[in-house]
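Geometric and topological summary
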Amino acid sequence: MIRFENVCKTYQMGDEKVKALDHASLQIGEGEFVSVIGPSGSGKSTLMNIMGCLDVPDSGSYFLDGKLVGQCSEAELTRIRSRKIGFVFQNFNLISRMTAEENVGLPLIYQGVRQPEIKRRVWDALDRVRLLERRGHKPAQMSGGQQQRVAIARALVTEPVLFLADEPTGNLDSRTGGEIMEMFHQLHEQGNTIVLITHDQQISLQAKRQISIYDGKVKEVWE
Ligand SMILES: Nc1ncnc2c1ncn2[C@@H]1O[C@H](COP(=O)(O)OP(=O)(O)O)[C@@H](O)[C@H]1O
Ligand SMILES: [Mg+2]
């Protein structure tokens, strides 16, 4: 499903060049649950942004389902992002003036889905993260763990096949983080592909396969 071949990405920081990804090569098959572990600044978010078609490599190739992403038009990339991929971020990225129900419905509005189908699917998504009764709450009225569950509902409402999570438990205490990990395990059991980025070894070990990243270089971790 995912294939990186010698992907490089360099950022200019003043006079200095930072190799955020340095000849990264890896493959992830459909239905895998993979964690990417590395310290702060090692290139994890850069890797995720390229995987999620939010950014493109400077050199090397990224194939998603056999398609060379670098050759896709902007319209195709938008379509891939909205149909295939569910994103979950460390800071939840919810819209503060919107209720849980409105936040989760947003991707469906972008896809042109109409009421009452939106309502049916949003309620189903909120039910799956056990927050249906909180649908009228705004982010500030919910705990961090609940906000992240709303974000997961927003990611799964479009029924993507690939979930990309960038430090999804990074802002949560370990018990709440455990609840969030439980949701990713469920999504994996339902056949989804999960790529979960973390700097936390305990979280990383929960994945079936671990990839490490250090100074932009990726390596398989064999237990
Ligand atoms: N937009 C950017 N401009 C300049 N440097 C960047 C940018 N994004 C990332 N970097 C640099 O690239 C390296 C990898 O960053 P990142 O992928 O965010 O790492 P991580 O997510 O593992 O903390 C870091 O040294 C970071 O400072
Ligand atoms: Mg990061």
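Residues numbered from 1 in each chain as written. Chains lettered and ligands numbered in written order. Predicted model: local features only at pLDDT ≥ 70, side-chain atom pairs only at ≥ 80, totals over all residues. Heavy atoms only, no water.

**Quick notes on the overall build of the protein**
Of the regular secondary structure elements, the protein holds seven helices and 10 strands. Taken over the C-alpha trace, the protein has a radius of gyration of 17 Å; the compact-globule value for 223 residues is 17 Å, and the two agree within 12%. Overall, the protein is about 50 × 40 × 40 Å in size when its C-alpha atoms are taken along their principal axes. Here the contacts in the protein between residues at least 6 apart in sequence split such that 70% fall between residues at least 24 apart. Averaging the coordinates of the 27 positive side-chain charges in the protein and doing the same for the 28 negative ones gives two points 5 Å apart. (Helix = DSSP H or I, 4+ residues; strand = E, 2+ residues; numbered from the N terminus. Rg over C-alpha atoms; globule rule 2.2 N^0.38 Å. Contact = heavy atoms within 4.5 Å. Lys, Arg positive; Asp, Glu negative; His and termini not counted. Charge placed at Lys NZ, Arg CZ, Asp CG, Glu CD.)

**Observations concerning a nonpolar patch on the surface**
A grouping of Tyr11, Met13 and Val18 is seen on the molecular surface, where their side chains present a nonpolar patch of about 280 Å² in accessible area. For valine 18, the location among the structural elements is in strand E2 (residues 16-28). (Patch = residues over 30% accessible without salt bridge, like charges linked within 9 Å, V, L, I, M, F, W, Y side chains within 5 Å. Areas by Shrake-Rupley, 256 points an atom, 1.4 Å probe, with all protein chains shown as cover. Salt bridge = Lys/Arg side-chain N within 4 Å of Asp/Glu carboxyl O.)

**A word on the sheet that holds strand E5 (residues 67-68)**
Strand order in this open sheet of four strands is E2-E1-E4-E5, and the pairing throughout is antiparallel. The open sheet terminates on both sides in strands that have one partner only, identified here as E2 and E5. When strand E4 (residues 59-64) meets E5, the two strands line up antiparallel, connected through two bridges. Bridge assignment links leucine 64 to a residue of E5, and that residue is lysine 67. (Pairing = 2+ DSSP bridges.)

**A word on the packing of aromatic side chains**
Applying the stated rule across the entire model yields two aromatic pairs. Geometrically, the ring pair formed by phenylalanine 4 and tyrosine 62 is tilted, given 4.9 Å between the ring centres and 45° between the ring planes. Linking phenylalanine 4 in strand E1 (residues 2-13) with tyrosine 62 in strand E4, this pair joins segments that are 58 residues apart in sequence. For the residue pair phenylalanine 4 and tyrosine 62, the accessibility class agrees, reading buried in each case. Measuring from centroid to centroid gives 6.0 Å for phenylalanine 87 and phenylalanine 89, while their planes differ by 5°, and the two rings are stacked. (Phe/Tyr/Trp six-rings, centres within 6.5 Å; stacked < 30°, edge-to-face > 60°. Buried < 20%, exposed > 50% of the residue type's maximum accessible area, 1.4 Å probe, protein only.)

**Topic: the nonpolar core**
Within the largest apolar cluster, 34 residues are counted, with the highest numbers of intra-cluster contacts made by Val104, Leu126, Ile152, Phe184 and Leu196. Secondary-structure elements contributing two or more residues to this core are helix H3 (100-110), helix H4 (117-128), helix H5 (144-156), strand E7 (162-166), helix H6 (174-189) and strand E8 (193-198). No other element matches the six residues that H5 contributes to this core. The contacts of leucine 196, once residues within four sequence positions are left out, are Phe33, Val34, Ser35, Val36, Ala165, Pro168, Met181, Phe184 and Ile203. Among the nonpolar cores identified, the runner-up in size contains 30 residues, and Met1, Leu26, Leu64 and Ile85 belong to it. (Core = buried A, V, L, I, M, F, W, Y, C linked by side-chain atoms within 4.5 Å.)

**Regarding H4**
Every α-helix carries 3.6 residues per turn, so stepping three or four residues along brings you back to the same face. Taking 1.5 Å as the rise per residue, H4 with 12 residues should run 16 Å; its terminal C-alpha atoms sit 17 Å apart, in good agreement. Those residues of H4 that fall on the buried side of the exposure criterion are Ile118, Arg121, Val122, Ala125 and Leu126. For H4, the angular spread of the buried residues around the axis is 135°, confining them to a single face. Residues of H4 that are buried make contact with H3 and H5. A positive phi of about 60° marks arginine 130, the residue just after H4. (Expected span 1.5 Å × (residues − 1). Arc of directions from axis to C-beta.)

**Description of the pairing of strand E3 (residues 33-37)**
Counting buried residues in E3 gives five out of five residues, a clear majority hidden from the surface. Burial along E3 is two-sided: the residues Phe33, Ser35 and Ile37 and Val34 and Val36 are all buried. The pairing of E3 with E8 spans five bridges and is classified as parallel. When the sheet's bridge partners are listed, phenylalanine 33 is paired in E8 with isoleucine 194. Taken together, the four bridges between E3 and strand E9 (residues 209-214) define a ladder with parallel strand orientation.

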